[in-house]
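Single-letter residue listing:
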Amino acid sequence: MKVTVDGEVYGTYSLAENQTVKIQTGHGTNVLVIENGSVHMEEADCPDGYCKRQGTISRVNETIVCLPHKLVAEVESDGSTTDDADDAPDVIVK
Ligand SMILES: [Zn+2]
């Protein structure tokens, strides 16, 4: 998963590892949780809270967007899967 804020890469995180990612920027705070190969927005102090309602993402190119915080979390290929995997319905959890 890649997190960008204001169009700049904030960090990249492996979905293979359950973890909590706290993102603090000048816009506010978001907490993403990676659990069993999927990602959801656990907490956010943005005014609309819409990012928290976007559910979980796990497939390549799926995103969670927090507009007020200019934050985008995007699942990206970890390089070990081929491009063909993009169309596969199964989520590969390593
Ligand atoms: Zn938000």
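Described below are features of the structure shown in this document. (Residues numbered from 1 in each chain as written. Predicted model: local features only at pLDDT ≥ 70, side-chain atom pairs only at ≥ 80, totals over all residues. Heavy atoms only, no water.)

### Side note on the coordination of the zinc ion
Item 1. Those donors, Cys46 (SG), Cys51 (SG) and Cys66 (SG), are the protein atoms that reach the zinc ion, and they lie 2.2 to 2.3 Å from it.
Item 2. Sequence spacing of the donor residues for the zinc ion, all on one chain, is C-x4-C-x14-C. Taken together, the positions of cysteine 46 in the loop between β5 (38–44) and β6 (56–57) and cysteine 66 in strand β7 (residues 63–66) put the pair 20 residues apart, joining distant regions of the chain.
Item 3. Cysteine 46 gets classed as buried once you look at its relative accessible area, which sits at 8%. (Donors = N, O, S within 2.8 Å, 3.2 Å for Na, K, Ca; no water. Helix = DSSP H or I, 4+ residues; strand = E, 2+ residues; numbered from the N terminus. Buried < 20%, exposed > 50% of the residue type's maximum accessible area, 1.4 Å probe, protein only.)

### As for the side chain of histidine 40
Item 1. Topologically, histidine 40 is positioned in strand β5.
Item 2. Of the residues examined, histidine 40 reaches a relative accessible area of 18% and is grouped as buried.
Item 3. Each residue touching histidine 40, except ones within four places of it in the same chain, is listed here: Val31, Leu32, Val33, Glu35, Gly55, Thr56 and Ile64. (Contact = heavy atoms within 4.5 Å.)

### A look at the environment of asparagine 30
Item 1. Tracing the backbone through its elements, the reader meets asparagine 30 in strand β4 (residues 28–35).
Item 2. On the basis of relative accessibility, which here comes to 1%, the residue asparagine 30 falls in the buried class.
Item 3. For the pair asparagine 30 and histidine 69, spaced 39 residues apart in the sequence, the C-alpha separation amounts to 8.4 Å.
Item 4. For asparagine 30, the residues in contact, after removing those within four places along its chain, are Val21, Lys22, Ile23, Met41, Glu43, Ala44, Cys51, Cys66, His69 and Leu71.
Item 5. Here the side chain of asparagine 30 touches histidine 69 through a polar contact of 2.6 Å, side chain to side chain. (Polar contact = N/O pair within 3.5 Å; in protein donor to acceptor, adjacent residues only side chain to side chain.)

### Regarding the nonpolar core
Item 1. Counting residues in each nonpolar core, the largest one holds 19 residues, and the members touching the most others are Met1, Val3 and Leu32.
Item 2. Mapped by element, the contributors of at least two residues to this core are β1 (2–5), β3 (19–25), β4, β5, β7 and β8 (71–74).
Item 3. Residue contributions to this core peak at 3 residues, all from β5.
Item 4. Setting aside chain neighbours within four positions, we find valine 3 in contact with Glu8, Val9, Tyr10, Gly11, Tyr13, Ile23, Leu32, Leu71, Val72 and Ala73. (Core = buried A, V, L, I, M, F, W, Y, C linked by side-chain atoms within 4.5 Å.)

### Description of the pairing of β4
Item 1. Here β4 lies mainly inside the structure; 7 of its 8 residues are buried.
Item 2. Pairing of β3 with β4, which is carried by 7 bridges, proceeds in the antiparallel orientation. Bridging from a neighbouring strand, isoleucine 23 pairs with asparagine 30 of β4.
Item 3. Hairpin connection, β3 to β4: the antiparallel pair is bridged by 2 residues.
Item 4. Strand direction decides the pairing type here: β4 and β5, joined by 6 bridges, are antiparallel. Pairing of leucine 32 across the sheet is with methionine 41, part of β5. (Pairing = 2+ DSSP bridges.)

Function-wise, these values are silent; they only describe arrangement.
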